[in-house]
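# Tertiary structure, described
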Amino acid sequence: MSPDGDIFDCVLTHQQPAFDHPLLQGQMPMDPPERPKGLRTPTTSDTFSEIFQTWTMSDESCPENTIPIRRTTEQDLLRASSIRRFGRKIRRPIRRDSSSNGHEHAVGYVSGDQYYGAKASINVWAPRVANKYEFSLSQMWVIGGSFGDDLNTIEAGWQVSPEIYGDNYPRFFTYWTSDAYQATGCYNLLCSGFVQTNNRIAIGAAISPTSSYNGGQFDISLLIWKILPTLPFKAKDPKHGNWWLEFGNGVLVGYWPTFLFTHLRDRANMVQFGGEIVNSRSSGSHTSTQMGSGHFAREGFGKASYFRNLQVVDWDNSLIPLSNLRVLADHSNCYDIRGGINRVWGNYFYYGGPGRNSRCS
């Protein structure tokens, strides 16, 4: 049991939900591929020093050959809009350049090239979420296809979602879909899809500590990547081209099998970084749900939330800086974004906001 009340079950790795998928039944998890070029080689000491999840504060972890899975409770199911949609995002028309169905964004993105992964350090806060029907998240999207019914995405970051978790803690999460959130995909390990290989990271677990206004700042580094399966290289994943997820410096969490996708079987054509909230207008006006720190980008370090060291992975499995980062805020009076570049943080941006205010109603 975690100090925050969560219960984690240590499940044999080959008995996790992913292996309910017909194409994975009877299989074992894959060995990891070669990491992208340009990454620092992790040491044993710093590999786990960066992991700050509430459930591990008492040095808890699952045994080798098992993975931690957050237990789904009766209360979790009762909060869901329906059992069938439990663990899934609300279906909605998807467009990068506008909000839809109450979803609002402040994002940086690159497009127009071929992408084989992305990396970023994401500042972690505990934004206020106005009601259980809304959420606030900060994440990376690796995107394939058009913004229609065939949209493929792989997503990872942190989120505050009272509906899913029953509280207001920021939690490490993953998501995927291959049909624009219609029938495929889910959060975390709530359906067969993502294959977890790590016994010390709990997807869906709370992150602690979090950043504070004019105080300590904390971020998590995430890397999503795949290697072209046709290239002659010495990796252990030469035939599959799965999409792998790394947390911190060298901590492999697991992978999304390439067969889950259509467009992302080969590559991504867009990478997006930033924040998203749901504005349900339940009180008849714009929500006061916060994005990021709840403060606008202009307030800068220690006050506004940030993404830093934004990079993408190219066809040669090399991490490279972004050459054409564009930024977009759906409703800049409610949540905004400002990009920049320097020698310490590389490509970065500040983003977020309070939601309802004198200019956002």
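Note that the structure is predicted; figures quoted are calculated from it, not measured. (Residues numbered from 1 in each chain as written. Predicted model: local features only at pLDDT ≥ 70, side-chain atom pairs only at ≥ 80, totals over all residues. Heavy atoms only, no water.)

## Details of the pairing of strand β3 (residues 103-115)
To be explicit about the condition: Any residue under 20% of the maximum accessible area for its type is buried, any over 50% is exposed, and the rest in between are partly exposed; the area is computed with a 1.4 Å probe on protein chains only. Strands are runs of DSSP state E lasting at least two residues, helices are runs of H or I lasting at least four, and both sets are numbered from the N terminus onward. Any two strands with at least two DSSP bridges between them are considered paired.
Among the 13 residues of β3, 10 are classified as buried, and the element is accordingly described as predominantly covered. In terms of strand pairing, β3 meets strand β12 (residues 268-278) through 10 bridges, oriented antiparallel. Along β12, the bridge assignment pairs Ser111 with Met270.

## Regarding the confidence of the model for the chain
The predicted structure's coordinates, where accompanied by low pLDDT, should not be read in detail. To keep things clear, this is the line we draw: Each residue carries a pLDDT score, the predictor's own confidence in it, on a scale running from 0 to 100. Residue contacts are counted whenever heavy atoms from the two residues lie within 4.5 Å of one another.
In the predicted model, the chain carries a mean pLDDT of 88, and the fraction of residues at 70 or more is 88%. Ranking the elements of the chain by mean pLDDT puts helix α1 (residues 44-49) last with 43 and strand β17 (residues 346-352) first with 98. Counted against residues more than four places away or in other chains, residues 44-49, with its pLDDT under 50, gives 6 contacts. Low pLDDT, under 50, characterises residues 92-99; the predicted model gives this stretch 22 contacts beyond four residues in sequence or across chains.

## Remarks on the sheet that holds β3
By way of backbone hydrogen bonds, the strands of a sheet pair with one another, either parallel or antiparallel. Just so we agree on the cut-off: Think of each axis as a best-fit line through the C-alpha atoms, taken over the contacting stretch in the case of a helix, with angles from 0 to 180 degrees between the N-to-C directions.
An order of β7-β6-β5-β12-β3-β15 is seen for the 6 strands of this open sheet, with the pairing classed as antiparallel. Across the chains shown, the open sheet's two edge strands, defined by having one partner strand only, are β7 (171-177) and β15 (326-329). In this sheet, adjacent strand axes meet at a mean angle of 15 degrees when their direction is disregarded. Direction of pairing for strand β5 (residues 136-144) relative to β12: antiparallel, over a ladder of 8 bridges. Pairing of Ile143 across the sheet is with Met270, part of β12.

## A closer look at unusual backbone geometry
Cis peptide bonds are those with omega within 30 degrees of zero, and the linkage from Ser208 to Pro209 qualifies with 0 degrees. We note that Arg281 has phi near 50 degrees; this positive angle belongs to a residue other than glycine. Along the chain, Arg281 turns up in the loop between β12 and β13 (305-313). The phi torsion at Asn309 lies on the positive side, around 50 degrees, for a residue other than glycine.

## A word on the side chain of Ser121
Note the cut-off: Polar contact is defined as a pair of N or O atoms within 3.5 Å, subject to the rule that within protein one atom must be able to donate a hydrogen and the other to accept it, and that residues adjacent in sequence are counted only when both atoms are side-chain atoms.
Counting through the fold element by element, Ser121 comes out in strand β4 (residues 117-123). There is a polar contact of 2.7 Å between the side chain of Ser121 and the side chain of Ser221. Aside from chain neighbours lying at most four places away, what touches Ser121 is Asp219, Ile220, Ser221, Tyr306, Phe307, Arg308 and Asn309.

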